[in-house]
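Examination of the molecular architecture
Residues per chain are reported as follows:
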Amino acid sequence: MLNDSVLINDWHVIARSTDVIEGKPLRARLLGEDLVIWRTADRIMVWQDLCVHRGTRLSLGSIEDDLLMCPYHGWTYSADGQCVKMPAHPDQTPPTRARVQAYRSIERYGWIWVTFGEPSHDIPVFPEWHDATFRKIFTGPYVYKAAAPRAVENFLDVAHFPFVHEGFLGDRAHPEIADYEVVTDENGITAEPITVWQPDPDGTGHGKEVTYTYRVFRPLTVYFIKRMQQQFSIYFVVTPVDDLHCIGWMCMAMNYGYDIPESQLIAFQDEVTAQDIPIVESQRPERLPLDLQAELHLRSDRTSIAYRKWLGELGLTFGTA
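What comes next is a walk through the structure. Since the structure is predicted, the reported quantities are computational estimates derived from the model, not experimental observations.

**A word on helix H5 (residues 302-314)**
Between its first and last C-alpha, H5 extends 18 Å over 13 residues, near the 18 Å set by a 1.5 Å rise per residue. Listed in full, the buried residues belonging to H5 are Thr 303, Ser 304, Ala 306, Tyr 307, Arg 308, Trp 310 and Leu 311. Immediately downstream of H5, the backbone of Gly 315 shows phi near 90 degrees, a positive value.

Given below as structure tokens:
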């Protein structure tokens, strides 16, 4: 496991809730640690993916009667992580130290979140989640061969829209970014109003000028809302798989376009993200520089500047330079 106290003591998405079905363990990876996710009828478990007997992946095992069995020698674990059966010695009570490392987990917003430590913050609020007037559409996961803060900063950057997403989110004939304000406080970062012209901002095929508010809730949990005649938002969480690999998870919320097929909206976001990924993977240095003298900055980079300064103040070392 990578040693970064900021991220160890934070919440991270490792799977969609629908990916973890009863009776089948799922493998995941976070901060360099291999994990197994499994559920009973009323609980979700996230453990180190390691049988304490001979180090086999428990994610290769099977689930029966709310017990997880290792595929190698059949060591069987209860939902609290304690081994309860060693088939080679059926009359022997497993020692108390025959226990898997278990981590705190919770299901929220359709994802499974886990922490390795003791978070001082709750999982950030998704403002539109409980508003029934907003349609919710999940996209991803998106795999980046890049440091997680690089993927987050790309999400926060609107000045690249006319060049990376021309015809979708931007137009080279309208690259201007008007001045906007950024505030950093105990709740994170807020940047607004960011106004840009977009030829097709939401997949409906109609060009318009839109105004964004961006929020950085936690180092790897961010959000924006576009305010047009209707409203469109994305809640974006990046999983730090290891120092130079990450996974992005998105949920779109929109209070219009109920006649647009979900598959069309997902395909639109998939294409936009596919344009971002090679750009992010190409950036050097691979880790996000927190020294503001390391690169050049413009007024349109205010959100990125605030993000880098804030990460430095938090003491984040993972994925940064």
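There's plenty left to go through after this.
**Looking at the side chain of Asp 34**
With respect to the helices, strands and loops of the structure, Asp 34 is situated in strand E3 (residues 33-39). One polar contact links Asp 34 to Arg 29, side chain to side chain, over a distance of 2.8 Å. A distance of 3.2 Å separates the side chain of Asp 34 from the side chain of Arg 57, its partner in a polar contact. Residues in contact with Asp 34, not counting those within four places in the same chain, are Arg 27, Ala 28, Arg 29, Trp 47, Gln 48, Asp 49 and Arg 57.

**Some details on a negative patch on the surface**
Taken together, the side chains of Glu 22, Asp 42, Glu 64, Asp 65 and Asp 66 define an acidic patch exposed on the protein surface. Among the structural elements, Asp 66 can be located in the loop between strand E5 (62-64) and strand E6 (67-69).

**Things to note about unusual backbone geometry**
Cis peptide bonds are those with omega within 30 degrees of zero, and the linkage from Gly 140 to Pro 141 qualifies with 10 degrees. Inspection of the secondary structure assignment puts Pro 141 in strand E11 (residues 135-144). Across the junction of Arg 284 and Pro 285, the peptide omega takes the value 0 degrees, indicating a cis bond. With respect to the helices, strands and loops of the structure, Pro 285 is situated in the loop between helix H4 (262-282) and H5. With a phi close to 60 degrees, Asp 66 is a non-glycine residue in the positive phi region. Look at Asp 66 and you get partly exposed, because its relative accessible area is 37%.

**Quick word on the layout of surface pockets**
Volume-wise, the largest pocket comes out at about 250 Å³. Residue lining of the largest pocket: 15 residues in total, with Glu 153, Asp 157, Gln 283, Ser 304 and Arg 308 positioned closest to the centre. Listing elements by their share of the lining of the largest pocket, those giving two or more residues are helix H2 (148-156), H4 and H5. Ranked by residue count, the leading element in the lining of the largest pocket is H2, at three residues. Looking at the lining of the largest pocket, its residues break down into four nonpolar, five polar and six charged. Approximately 170 Å³ is the volume attributed to the second largest pocket. Forming the boundary of the second largest pocket are His 121, Asp 122, Ile 123, Pro 124, Val 125, Pro 127, Glu 186, Asn 187, Phe 217 and Arg 218. Partitioning the lining of the second largest pocket into residue classes produces five nonpolar, two polar and three charged.

**Some points on the side chain of Thr 40**
One can find Thr 40 in the loop between E3 and strand E4 (44-48). Sequence-distant contacts of Thr 40, that is, excluding residues within four places in its chain, are made with Glu 22, Met 45 and Asp 66.

Rules behind the numbers
Residues numbered from 1 in each chain as written. Predicted model: local features only at pLDDT ≥ 70, side-chain atom pairs only at ≥ 80, totals over all residues. Heavy atoms only, no water. Helix = DSSP H or I, 4+ residues; strand = E, 2+ residues; numbered from the N terminus. Expected span 1.5 Å × (residues − 1). Buried < 20%, exposed > 50% of the residue type's maximum accessible area, 1.4 Å probe, protein only. Polar contact = N/O pair within 3.5 Å; in protein donor to acceptor, adjacent residues only side chain to side chain. Contact = heavy atoms within 4.5 Å. Patch = residues over 30% accessible without salt bridge, like charges linked within 9 Å, V, L, I, M, F, W, Y side chains within 5 Å. Areas by Shrake-Rupley, 256 points an atom, 1.4 Å probe, with all protein chains shown as cover. Salt bridge = Lys/Arg side-chain N within 4 Å of Asp/Glu carboxyl O. Lys, Arg positive; Asp, Glu negative; His and termini not counted. Charge placed at Lys NZ, Arg CZ, Asp CG, Glu CD. 1 Å grid on protein atoms, 1.4 Å probe; cavity = no way out; pocket = protein on both sides within 12 Å on 5 of 7 lines; lining within 4 Å. Points joined across faces, edges and corners; volume = space filled by probe spheres on them. Nonpolar A, V, L, I, M, F, W, Y, C, P; charged D, E, K, R; others polar.

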